Structure formats: structure tokens, C-alpha cells
Amino acid sequence: MDVIKILGIVGSLRKGSYNRFALKAAQELVPGGAVLNLIELHGIPVFDQDNEMTLPASVLEFKRRILDADAILFATPEYNYSLPGGLKNAIDWASRPYGESAWLGKPAAVMGASTGSLGTARAQYHLRQILVTLDMPVVNQPEVMIGNAAQRFDQNGRLTDAPTRQHIQKLLGALVQLAKTAR
Ligand code: FNR
């Protein structure tokens, strides 16, 4: 069977992002027979529906990467109890124009890291709500909510917390299974 290609979406633009570090940890934990490549949201403009029939180059490339993937792994920060505007904005672009969404039917999993104790729980439930309208099958369990992130990563950004690494490994296993059934 062909390799399962997972696209990890880095929900934060910040250089020292814990969410990017979490995705880098996931790259070390991905099951055999699957690969995890990351995509950044830098350079994606604010959504303007006047441009949805002639999408900007950065959005076309974003959509191409989604369409090329077998599964999506979102790593979202939590901003003011929700997902960051930049991530929502990128999701909106890739869902357009009507009838040409790149997300349709794409198996997905969600995780997130925050410096708060709830580990992006509220942001993840908002994101899951969005995945309903995008009609993406989503891994329900495990939920990977990395709270108090500053204590779970070392100074080099390596995820040192063993239980969190195990959770991510389980999430990846479930996502690969979902992707196989969706094929
Ligand atoms: C935050 N942060 C935050 N944390 C949280 O647990 N719940 C929240 O509602 C918020 N709100 C919030 C709003 C804004 C505008 C910022 C910039 C930050 C803190 C957030 O978890 C922290 O900055 C993380 O480090 C962001 O993720 P990255 O950039 O490390 O991936």
C-alpha cells in the first residue's frame, strides 16, 4: 500500500511556537507507512470573497498541499478561547470557491498546545465545529490538549513530556487508521 501522507498545519506563525514544536515531535512519532509534512500559514492574505475565483498564489499552493495529502493534522493555539484568526482565515480560503473545497472528505485530527492549563480545549471544540461544515471525518479520541506548554518542552523546543508524546503517538495511529478506511 502507498505511504499515507499526513499534512500538519502549523496554526501559529510565531518562531518559538509550541504548536510547531508539537508537530515536530509528531514527525518523530508517526507510524511506519506514513509520513508527516508540515505547512506554514505565512503569506496567506486576509480572505476577500472578491478574489475567490482567482485565488492568490499562496492560497493555490495551500490548497494543492491539502489536496495532495491523505490526512490533515491541525495543531492549533488558543487565542481568546478560540482558534487563531489566521488559522480560521486559511481554512476559509481553502474551502472556496463554493463546490471546490480542498477539505471535503479529508480525514483529520486535531491537537493543540497552550501556556494555559486547559491546553486549547476551547479552541479545539471551535475547530471541530468548523470541520463539521467542511465535511471532514475527524478522529474523536484521543484528544491531545497540551496545557502548561512551557513546562512540557525544553529550551530547544523538544517535547520532553512522555505522556504527551504517547498521546500524540496514539492520535497519529488513529488518524492513519481513519485515512486507510477513507481510501
Ligand atoms: C493567548 N494565549 C491563550 N492561552 C490559552 O490557553 N487560552 C487563551 O484564551 C489564550 N488567549 C490568547 C490570546 C492571544 C491573542 C495570545 C497571543 C495568546 C496564550 C497562548 O496559549 C500562548 O501564546 C501560546 O504559546 C500560543 O501558541 P504558540 O504560538 O506557542 O504555538
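Structure's up top.
The structure contained in this document is the topic of the report that follows. (Residues numbered from 1 in each chain as written. Predicted model: local features only at pLDDT ≥ 70, side-chain atom pairs only at ≥ 80, totals over all residues. Heavy atoms only, no water.)

All right, on to helix H4 (residues 121-133) then. All of the buried residues in H4 are Ala121, Ala123, Gln124, Leu127, Arg128, Ile130 and Leu131. Positive phi shows up at Asp135, right after H4, with a value of about 60°. (Buried < 20%, exposed > 50% of the residue type's maximum accessible area, 1.4 Å probe, protein only. Helix = DSSP H or I, 4+ residues; strand = E, 2+ residues; numbered from the N terminus.)

Next up on the list: the site of the ligand. Inspection of the region around the ligand gives 14 residues, with Ser12, Arg14, Ser17, Asn19 and Glu78 positioned closest. Contacts to the ligand include Arg14, whose side-chain N or O atom sits 2.8 Å from an oxygen atom. Contact distances for the ligand include 3.0 Å between an oxygen atom and a side-chain N or O atom of Ser114. When the ligand sits alone it has 610 Å² of accessible area, and the protein chains cover 73% of it. Here the shell around the ligand is composed, by residue class, of 4 nonpolar, 7 polar and 3 charged. (Near = heavy atom within 4 Å. Polar contact = N/O pair within 3.5 Å; in protein donor to acceptor, adjacent residues only side chain to side chain. Areas by Shrake-Rupley, 256 points an atom, 1.4 Å probe, with all protein chains shown as cover. Nonpolar A, V, L, I, M, F, W, Y, C, P; charged D, E, K, R; others polar.)

Here the focus is the side chain of Ser17. Looking at the secondary structure, you find Ser17 in the loop between strand S1 (4-10) and helix H1 (18-29). Only 3.0 Å separates the side chain of Ser17 from the backbone nitrogen of Arg20, close enough to count as a polar contact.

In this section: the nonpolar core. In terms of nonpolar packing, the biggest core is built from 31 residues, with Ile6, Leu73, Met111, Ile168 and Leu172 touching the most fellow members. Breaking this core down by element, the ones donating at least two residues are S1, H1, strand S2 (34-39), strand S3 (71-75), strand S4 (108-113), strand S5 (144-146) and helix H5 (162-182). With near-sequence residues (within four places) excluded, Met111 lies in contact with Ala22, Leu23, Ala26, Leu73, Phe74, Ala75, Thr76, Gln124, Val144, Ile168 and Leu171. Counting residues in hydrophobic clusters, the runner-up holds 27 residues, among them Leu83, Trp93, Leu134 and Met136. (Core = buried A, V, L, I, M, F, W, Y, C linked by side-chain atoms within 4.5 Å. Contact = heavy atoms within 4.5 Å.)

What the rule picks out here adds up to 6 aromatic pairs. Between Tyr18 and Phe21 the ring centres are 6.5 Å apart and the planes differ by 70°, which places this aromatic pair in the edge-to-face class. On the criterion of helical spacing, the pair formed by Tyr18 and Phe21 is a turn pair, its members being 3 residues apart in helix H1. Ring geometry for Phe21 versus Phe153: centroids 6.2 Å apart, planes at 40°, classification tilted. In this pair, Phe21 sits in helix H1 while Phe153 sits in the loop between S5 and H5, placing the two residues 132 residues apart along the sequence. The exposure classification of Phe21 matches that of Phe153, with both residues buried. Among the aromatic residues, those joined into a ring-pair cluster are Tyr18, Phe21 and Phe153. Residue placement shows Arg14 over the ring face of Tyr18; its charged tip is 5.5 Å from the ring centre. When the ring centre of Tyr81 is taken as reference, the NZ or CZ atom of Arg122 above it lies at 3.7 Å. (Phe/Tyr/Trp six-rings, centres within 6.5 Å; stacked < 30°, edge-to-face > 60°. Lys NZ or Arg CZ within 6 Å of the ring centre and 35° of its normal.)

We now examine the packing of helix H2 (residues 57-68) against helix H3 (residues 85-94). Running from N to C, H2 and H3 point in directions that differ by 80°, and their axes come no closer than 9 Å. One element, H2, and the other, H3, form an angle in the roughly perpendicular class. Contacts between H2 and H3 involve Val59, Phe62, Lys63 and Ile66 from the former and Ala90, Trp93 and Ala94 from the latter. Its residues assigned to classes, the contact of H2 with H3 shows 6 nonpolar, no polar and 1 charged. (Axes fitted to C-alpha atoms, helices over the stretch in contact; angles between N-to-C directions. Parallel < 35°, antiparallel > 145°, perpendicular 65-115°, else oblique.)

With that out of the way, let us pick up the environment of Arg158. Relative to the helices and strands, Arg158 is located in the loop between S5 and H5. A C-alpha to C-alpha distance of 29 Å links Arg158 and Lys106, two positions 52 residues apart in sequence. Residues within four places of Arg158 in sequence aside, it is in contact with Glu28, Arg152, Phe153 and Arg165. There is a polar contact of 2.9 Å between the side chain of Arg158 and the side chain of Glu28.

What follows deals with the sheet that holds S4. One open sheet holds the 5 strands; their spatial order is S2-S1-S3-S4-S5, and the pairing between them is parallel. Of all the strands in the sheet, just S2 and S5 have a single pairing partner and so form its edges. Within this sheet the neighbouring strands show an average axis-to-axis angle of 20°, counted without direction. Where S1 lies against S2, 6 bridges are found, and the strand directions are parallel. Bridge assignment links Ile6 to a residue of S2, and that residue is Leu36. Across the face of the sheet, H4 comes into contact with S3, S4 and S5 while running at roughly 160° to S4. (Pairing = 2+ DSSP bridges.)

From the geometry alone we can't say anything about function, so treat these as descriptive.
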